[in-house]
Amino acid sequence: MSGFSEARSFLFIYETSLPKQDIELILEFAAEIKAEKKDVFFLIYHEFKKVPESVFVKSFDIHICKKDFNFLKQPTSSMVKRQCNMQYDYLFSFIEKRNTRLENFIRKSKALIKIGRKELHRKPLYRITFGSSERENSIEDFLKMAGNYITKIKIEK
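The sections below set out a description of the structure shown in this document. Remember, it's a predicted structure, so these values are computed and weren't measured experimentally.

## Observations regarding the packing of aromatic side chains
Part 1: If you walk through the whole model with that rule in mind, you get 13 aromatic pairs.
Part 2: Taken together, a centroid distance of 6.0 Å and an interplanar angle of 40° make the contact between phenylalanine 12 and phenylalanine 29 tilted. On the criterion of sequence distance, the pair formed by phenylalanine 12 in strand 2 (residues 9-15) and phenylalanine 29 in helix 1 (residues 20-34) is long-range, its members being 17 residues apart.
Part 3: Phenylalanine 12 gets classed as buried once you look at its relative accessible area, which sits at 0%.
Part 4: Between tyrosine 14 and phenylalanine 42, the ring centres sit 6.3 Å apart and the planes meet at 75°, which makes this aromatic pair edge-to-face. Here the residue tyrosine 14 occupies a position in strand 2, and phenylalanine 42 occupies one in strand 3 (residues 39-46), the gap between them amounting to 28 residues.
Part 5: For tyrosine 14, a relative accessible area of 7% translates into the label buried.
Part 6: Chaining the aromatic ring pairs together yields one cluster made of Phe4, Phe10, Phe12, Tyr14, Phe29, Phe42, Tyr90, Phe92, Phe94 and Phe142.

Here you go:
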């Protein structure tokens, strides 16, 4: 059994349609994890047939789009399949609204701990969920709760 101190790799998943201030909060949270000498990777989804050429790709960023999935919205590109098979210690999902492609990716992912926001009326995707009754979709609240509990989580391999 191990936990945050032994964890090495983190995958953050979000869509480019998130508000800019939410993306900035996610990047700040990732910077705090990186400060602990952990690897943080970003899987960024674009709701287009292909990733726009204007996208600036930084190291540790994986940009995906509709073409990386088949007509059943299952992962098909070699890049997405490779990410599914990577055994990240933690996967953080910042999906705001239903996205079948990303949900299928998360289901297939071999990440040890999958963390996402509380989902009502859906088959659970995550091992751990956080939500607040006040502002149910607040990424800021989600990150505060995740930050408080992440060091208490134990990973069974």
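## A look at the side chain of asparagine 99
Part 1: Among the secondary structure elements, asparagine 99 is positioned in the loop between strand 5 (90-93) and helix 3 (100-108).
Part 2: Within the local environment of asparagine 99, its side chain forms a polar contact with the side chain of glutamate 15, the two groups lying 2.8 Å apart.
Part 3: Among the polar contacts made by the side chain of asparagine 99, one reaches the main-chain amide nitrogen of leucine 102 at a distance of 3.0 Å.
Part 4: Other than its neighbours up to four places away in sequence, asparagine 99 contacts Glu15, Tyr45 and Glu47.

## Quick look at the layout of surface pockets
Part 1: In this structure, the second largest pocket occupies an estimated 150 Å³ of space.
Part 2: In terms of lining, the second largest pocket is formed by Tyr14, Thr16, Ile23, Leu27, Phe42, Ile44, Phe56, Lys58, Asp61 and His63.

## Re the nonpolar core
Part 1: Within the largest apolar cluster, 27 residues are counted, with the highest numbers of intra-cluster contacts made by Phe10, Phe12, Tyr90, Phe92, Phe94 and Ile115.
Part 2: Broken down by secondary-structure element, the contributors of at least two residues to this core are strand 2, helix 1, strand 3, strand 5, strand 6 (113-117), strand 7 (128-130) and helix 4 (139-149).
Part 3: No other element matches helix 1, which puts five residues into this core.
Part 4: Grouped together as the second largest cluster of nonpolar side chains are 19 residues, Tyr45, Ile64, Leu102 and Leu125 included.

The rules behind these values
Residues numbered from 1 in each chain as written. Predicted model: local features only at pLDDT ≥ 70, side-chain atom pairs only at ≥ 80, totals over all residues. Heavy atoms only, no water. Phe/Tyr/Trp six-rings, centres within 6.5 Å; stacked < 30°, edge-to-face > 60°. Helix = DSSP H or I, 4+ residues; strand = E, 2+ residues; numbered from the N terminus. Buried < 20%, exposed > 50% of the residue type's maximum accessible area, 1.4 Å probe, protein only. Polar contact = N/O pair within 3.5 Å; in protein donor to acceptor, adjacent residues only side chain to side chain. Contact = heavy atoms within 4.5 Å. 1 Å grid on protein atoms, 1.4 Å probe; cavity = no way out; pocket = protein on both sides within 12 Å on 5 of 7 lines; lining within 4 Å. Points joined across faces, edges and corners; volume = space filled by probe spheres on them. Core = buried A, V, L, I, M, F, W, Y, C linked by side-chain atoms within 4.5 Å.

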